[in-house]
Amino acid sequence: MTMTSGHAKNLQKPKGKLGVLIPGLGAVATTFIAGVESIRKGYQPPIGSLTQMGHIRLGKRTDNRQPLVKDFVPLVELNDMVFGGWDIYEDNCYEAAIKCGVLPVPMLEKIAPFMKSIKPMKAVFDKEYIKKIDGPNVKKGKSKMDLAEQLMKDIEDFKKNNNCDRLVVVWCASTEVYKEPTTVHSTLKNFEEGLRNSDPNIAPSQIYAYAALKMRVAFANGAPNLCVDVDAIQELAMENGVPISGKDFKTGQTLMKTILAPGFKARLLGVSGWFSTNILGNRDGEVLDDPGSFKSKEVSKLSVLESILQQDMYPTLYKDLYHKVRINYYPPRGDNKESWDNIDIFGWMGMPMQIKVNFLCRDSILAAPIVLDLVVFSDFAQRAGFRGIQEWLSFFYKSPMVPKKLYPEHDLFIQLMKLKNTLRYAMGEDLITHLGVEYYD
Ligand SMILES: NC(=O)c1ccc[n+]([C@@H]2O[C@H](COP(=O)([O-])OP(=O)(O)OC[C@H]3O[C@@H](n4cnc5c(N)ncnc54)[C@H](O)[C@@H]3O)[C@@H](O)[C@H]2O)c1
């Protein structure tokens, strides 16, 4: 990411339409789209969205400058967004939203014609990467490069047909199986060769990412599988000057972990065990029932605590931490996930204590405003000329992407400070350190 202080200061409010293209028009994507349309119609406020409801402090505490983020940074208006996407099923967004069962039918009825107008384009899909589902709305191609070119054509046609000025792609499709990067992912040259040879190690999500970046379209990855995390794709992002971010929307149990764990560490409380279990009955839960897809999720979820608690630095407190994460597919609950956390902590004189968290959350309700903020900020990043990994968007992700030499920041509050300071820096405002000595001079 390249940026100098104040370089986005003269950036104007964007004109023209922003096309939002989404691989995977399932629970998260349709809840996001339905929400944006309901907000546009004035039916609902944008609850949970930092770009729409958040304020940012500028200058000293005595200055009383706390504008809305969207009044400080020139961001796209919701009215200027148009939506499209790909899915392996042919359902339009109204049908998909009804089947996902996240939002009540009367709420969807109010925006039914709009939701029905969004129909998925044919997807790039490979059963080897998502075992539990299959669908008819899938592209055929001579090679993976041919499939990538078909996606590029979709992107180009969507832009033309909807008269878009700019585009953003957000991956909201199912979690692919866990695979380590191979030599085909090590350079762009190898990757393109691999696309031409239909290398089995190239995942569909990576084909979408390649197509988007070739078209100079920002890409955000909401799933835990490796997608834009590989060297070849990052090389392309830098070469074409495109922002990328990921991975795995930070919702539910992990959101709670990144709120609680920094608190324990701040107060130097030990943690000997953290057992997390979930029941989940939507299609995401079904896909995660496959051990390969679950492995992607597990890796993403497990890294959070180890990274926040810094076991090497605090061996007395965290060296023996036993961390276990379970996800159980349980259809009766649909999208209304329930999670239980048992946290064994210890304090002064090593005395043990326990904390139980029982979160009855709605996964897609927590994810939808994240998708909105990622769309809005990815578009801002694109217009401001940021390229490559956008670490300042870590706030939205369970497993934030960082350059190889860095460890990720998982603490939600550090992430928020990083995000807001990035906006201040880009707009030429003073950074806020919370030192505050100036008030006592
Ligand atoms: N709901 C959350 O809170 C949450 C949080 C973090 C991450 N995620 C991730 O977001 C993604 C979406 O979650 P969801 O609950 O909407 O799942 P979902 O199963 O309801 O929707 C995913 C959709 O992707 C489609 N799909 C699968 N492979 C595809 C491909 N190759 N191309 C195009 N479409 C494809 C499926 O047909 C499905 O309609 C998942 O990867 C999930 O792990 C969700």
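Starting from 1, residues in each chain are numbered consecutively following that chain's sequence as written. The model is predicted, so local features are restricted to residues of pLDDT at least 70 and side-chain atom pairs to those at 80 or more, both for listing and for counting; the totals for chains, interfaces and linings are taken over all residues.

## Digging into the environment of Met417
The line we're drawing: Helix numbering and strand numbering both begin at the N terminus, where a helix is a DSSP run of H or I of at least 4 residues and a strand a DSSP run of E of at least 2. Counts of 20 or more other C-beta atoms within 10 Å of a residue's own C-beta define buried residues, counts of 12 or fewer define exposed ones, and intermediate counts define partly exposed ones; C-beta atoms are placed from the backbone.
Considering the arrangement of structural elements, one finds Met417 in helix H16 (residues 412–426). Overall, the presence of 17 C-beta atoms within 10 Å leaves Met417 in the partly exposed class. Taking C-alpha positions, Met417 is 17 Å from Gly48, a pair spaced 369 residues apart along the chain.

## Digging into the site of the ligand
Stated precisely, the cut-off is as follows: Each residue gets a C-beta atom placed from its backbone. If that atom is within 6 Å of a molecule or strand, the residue is near it. Throughout, the ten residues Ala, Val, Leu, Ile, Met, Phe, Trp, Tyr, Cys and Pro are labelled nonpolar, Asp, Glu, Lys and Arg are labelled charged, and all others, Gly among them, are labelled polar. Domain extents, as shown, originate in an automatic or database domain assignment.
Around the ligand, a shell composed of 36 residues is seen, among which Gly24, Gly26, Ala223, Arg283 and Asp363 lie nearest. Broken down by secondary-structure element, the contributors of at least two residues to the shell around the ligand are helix H1 (27–40), strand E2 (81–87), helix H12 (283–288) and helix H15 (363–384). Here the element with the most residues in the shell around the ligand is H15; it accounts for 4 residues. Counted by class, the shell around the ligand contains 21 nonpolar, 10 polar and 5 charged residues. Two domains each donate at least three residues to the shell around the ligand, and these are domain 1 (17–249 + 365–426) and domain 2 (253–360).

## Side note on the environment of Lys297
Counted only if it meets this: Contacts here follow a simple rule: the backbone-placed C-beta atoms of the two residues must lie within 7 Å.
Its place among the elements puts Lys297 in helix H13 (residues 291–309). When the C-alpha atoms of Lys297 and Ser399 are compared, they prove to be 9.8 Å apart, with 102 residues separating the residues in sequence. When neighbours within four sequence positions are excluded, Lys297 is seen to be in contact with Thr175, Pro224, Leu288 and Ile327.

## Re the domain arrangement of the protein
According to the domain assignment, the protein contains domain 1 (17–249 + 365–426) and domain 2 (253–360). Computed from C-alpha atoms alone, the centre-to-centre distance between domain 1 and domain 2 is 26 Å. On the domain 2 side, the residues contacting the 27 residues of domain 1 number 27 residues. Its residues assigned to classes, the side of domain 1 that touches domain 2 comprises 13 nonpolar, 7 polar and 7 charged.

## What about the sheet that holds strand E7 (residues 270–280)?
Two strands in a sheet stick together by hydrogen bonds in their backbones, pointing the same way (parallel) or opposite ways (antiparallel). Going by this rule: The criterion for strand pairing is that DSSP finds at least two bridges linking the strands in question. The axes used here are C-alpha line fits, helices contributing only the stretch in contact, and every angle between their N-to-C directions lies in the interval 0 to 180 degrees.
An order of E8-E7-E9-E10 is seen for the 4 strands of this open sheet, with the pairing classed as mixed. Looking at the sheet topology across the chains shown, the edges are occupied by strand E8 (322–329) and strand E10 (352–360). Between one strand axis and the next, the sheet turns through 10 degrees on average, direction left out of account. Here E7 pairs with strand E9 (residues 338–346) via 9 bridges, running antiparallel. Looking at E9, one finds that Phe275 is bridged to Asn342. Contacts between helix H11 (residues 252–266) and the sheet are confined to E7, E9 and E10, with E9 contributing the most and set at about 15 degrees to the helix. Of the strands in this sheet, E7 and E8 are in contact with H13, which crosses E8 at around 150 degrees.

## Here we look at the packing of H11 against H13
Definition in use: For classification, angles of less than 35 degrees are called roughly parallel, those exceeding 145 degrees roughly antiparallel, those between 65 and 115 degrees roughly perpendicular, and all remaining angles oblique. Note on convention: near helix rotated counterclockwise from far helix by under a right angle means a left-handed crossing. Clockwise means right-handed.
Two elements in contact, H11 and H13, have axes separated by 9 Å at closest approach and are oriented at 15 degrees. Viewed along their axes, H11 and H13 adopt a mutual orientation that is roughly parallel. H13 is crossed by H11, and the crossing has right-handed handedness. Contacts between H11 and H13 involve Thr254, Lys257, Thr258, Ala261, Pro262 and Lys265 from the former and Lys301, Val304, Leu305, Ile308 and Leu309 from the latter. Tallied by class, the residues present in the contact of H11 with H13 amount to 6 nonpolar, 2 polar and 3 charged.

## What about H1?
Stated formally: The span you would expect from a helix comes to 1.5 Å times its residue count less one.
Taking 1.5 Å per residue, 14 residues should reach 20 Å; H1 reaches 20 Å between its end C-alpha atoms and fits that length. Counted residue by residue, H1 has 11 buried out of 14 residues, so it is predominantly covered. Those residues of H1 that sit buried are Ala27, Val28, Ala29, Thr30, Thr31, Phe32, Ile33, Ala34, Gly35, Val36 and Glu37. Gly42 sits one or two residues past H1 and shows a positive phi near 80 degrees.

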